[in-house]
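Notes for the structure review
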Amino acid sequence: MRITGISTHVVGTPWRNLTYVQVHTDEGITGVGETRMLGHTDALIGYLREAEANHVLGSDPFAVEDLVRRMKYGDYGRAGEIVMSGIAVVEMACWDIKGKALGVPVWQLLGGRVTDKVKAYANGWYTTERTPEAYHKAAQGVMERGYRALKIDPFGTGHFELDHEQTLYAVSLIEAVRDAIGPDAELMLEMHGRFSPATAVRLAKELAPFQPAWLEEPVPPENLKALEKVAAKVDTPLATGERIHDRIEFRELFDSQAVDIIQPDVGHIGGIWETRKLAATAETHYMLLAPHNVGGPVLTAASLQVGFTSPNFKILEHFNDFADAEIKKVVKGAPQVVDGYFHLSDAPGLGVELDVDAAAEFPQQQARFDLWAEGWEQRKPKGTK
């Protein structure tokens, strides 16, 4: 079997473009991959056009390791977000092809299942007025849909510091959310790399009474020493990793033991097998895996293949029941959350199929997501309704 070409399909919303890639073969089997780029969608498509000619055409889709190696190192540049995302979508599609050809789900090819369900947590649910009352109601809605975990960034446009008044307001939002979801549900706190170490530590202590399951990206991701300062002073588990695009770059993070949960994005770190390798290394450092997942149903399905096969997999993020929920129809067989969990599927490959006609109903947009803009949490960029 050989790859005869790839095709790209961009599903657009005001705040995110989802790029779907189909990989076609000479035996008529087509696989699909997906990633979500922030402001770099056209760059990704441009890279894929060159990579198709230089590396992908004529390749054996079963030889995933070889194809990834050639795409990553064959251009002699240092692979960053765009290249690793391009690798990821092609890599996912190759696993999909391989599973379909053999008649087995991808998780079976990764060593088999270690669990038959993966816990989900909701994100994108707080696209409402930023008040305790509105957040309380929205959080109740998440629980009513069966979720037992959710994540929130309550810090507005905070950057490095958060003054006393803003701190009290953020605490009031989290107090309302905890009251709405009860003591047993997991509450993840997202900081989006906003703060200085001192501010992150202070906020962690202010919010500790609400028992957060983790504190995510408390400081900007570029400075590991800053993260270590936070880790030394807080008891809440720390999580990070969505903006690391090569598993090799996790090495110093592992050595530091500064975090408890790593959060690679399968769509940015080279795909399913790269993430599974990273999960194995994390296991040797007694760290859990909770992938960043702000994509659509294909990226969710790809992330679940890792989840079903990794003993240290904690939980998977899910946006698609809340933000842009209508995009689920572009994929047949989209994973569903039932009673707070994704359940094992025996469907071959990734278990999903892209509906090209449905995808065409959501053309690419000038998607914009600015975490420093007032009202960012509503995911409605200026100029949209």
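Residues numbered from 1 in each chain as written. Predicted model: local features only at pLDDT ≥ 70, side-chain atom pairs only at ≥ 80, totals over all residues. Heavy atoms only, no water.

**A closer look at the nonpolar core**
The line we're drawing: The criterion is simple. A nonpolar core is a set of buried Ala, Val, Leu, Ile, Met, Phe, Trp, Tyr and Cys residues joined through side-chain atoms within 4.5 Å. Relative accessible area decides the class of each residue, using a 1.4 Å probe on protein chains only: under 20% of the type maximum gives buried, over 50% gives exposed, and in between gives partly exposed. Numbering goes from the N terminus for both helices and strands, where a helix is a DSSP run of H or I of at least four residues and a strand is a run of E of at least two. The split of the chain into domains comes from an automatic or database domain assignment. It only takes one pair of heavy atoms within 4.5 Å for two residues to be counted as in contact.
If you look at the biggest cluster of nonpolar residues, it comprises 115 residues, and the most contacted ones within it are Trp125, Leu150, Ile262 and Ile272. No other element matches the ten residues that helix α3 (residues 81-102) contributes to this core. Of the domains in this structure, domain 1 (3-104) and domain 2 (108-349) are the two that each give at least three residues to this core. Apart from residues lying up to four places away in sequence, Ile262 is in contact with Thr240, Phe250, Leu253, Phe254, Leu278, Ala282, Met287, Leu288, Leu289 and Ala290. Residues Met188, Trp214, Ile261 and Ala290 belong to the second largest nonpolar core, which totals nine residues.

**Quick look at the packing of helix α1 (residues 41-56) against helix α2 (residues 64-73)**
Stated precisely, the cut-off is as follows: Only the stretch in contact is used when fitting a helix axis, every axis being a line fitted to C-alpha atoms; angles between N-to-C directions are given from 0 to 180 degrees. Working rule for angles: under 35 degrees goes down as roughly parallel, over 145 as roughly antiparallel, 65 to 115 as roughly perpendicular, anything else as oblique. Crossings are classed by handedness, with left-handed meaning an anticlockwise turn of the near helix from the far one by less than a right angle and right-handed meaning a clockwise turn. Gly falls in the polar group here, along with every residue not listed as nonpolar (Ala, Val, Leu, Ile, Met, Phe, Trp, Tyr, Cys, Pro) or charged (Asp, Glu, Lys, Arg).
Axis separation between α1 and α2 bottoms out at 10 Å; the angle between their running directions is 120°. On the basis of their axis angle, the class for α1 and α2 is oblique. With respect to the hand of their crossing, α1 and α2 are arranged in right-handed fashion. For the pair α1 and α2, the contacting residues are Tyr47, Ala51, His55 and Val56 in the first and Leu67, Arg70 and Met71 in the second. A breakdown of the residues in the contact of α1 with α2 according to their chemical character gives five nonpolar, one polar and one charged.

**Some details on the pattern of salt bridges**
Going by this rule: Salt bridges, as used here, are contacts in which a Lys or Arg side-chain nitrogen is within 4 Å of a carboxyl oxygen on Asp or Glu.
Counted according to the given criterion, the structure contains 24 salt bridges. When the shortest N-O distance is used, the salt bridge between Glu274 and Lys277 registers 3.5 Å. Placement of both Glu274 and Lys277 in helix α10 (residues 272-284) is noted, with a separation of three residues, approximately one turn of the helix. What makes Glu274 buried here is its relative accessible area of 5%. Note that Glu361 and Lys329 form a salt bridge whose closest N and O atoms lie 2.9 Å from each other. Taken together, the positions of Glu361 in the segment after α12 (356-359) and Lys329 in the loop between β11 (316-318) and β12 (331-332) put the pair 32 residues apart, joining distant regions of the chain. One connected set of salt bridges, linked through shared partners, spans Glu65, Arg247, Glu274 and Lys277.

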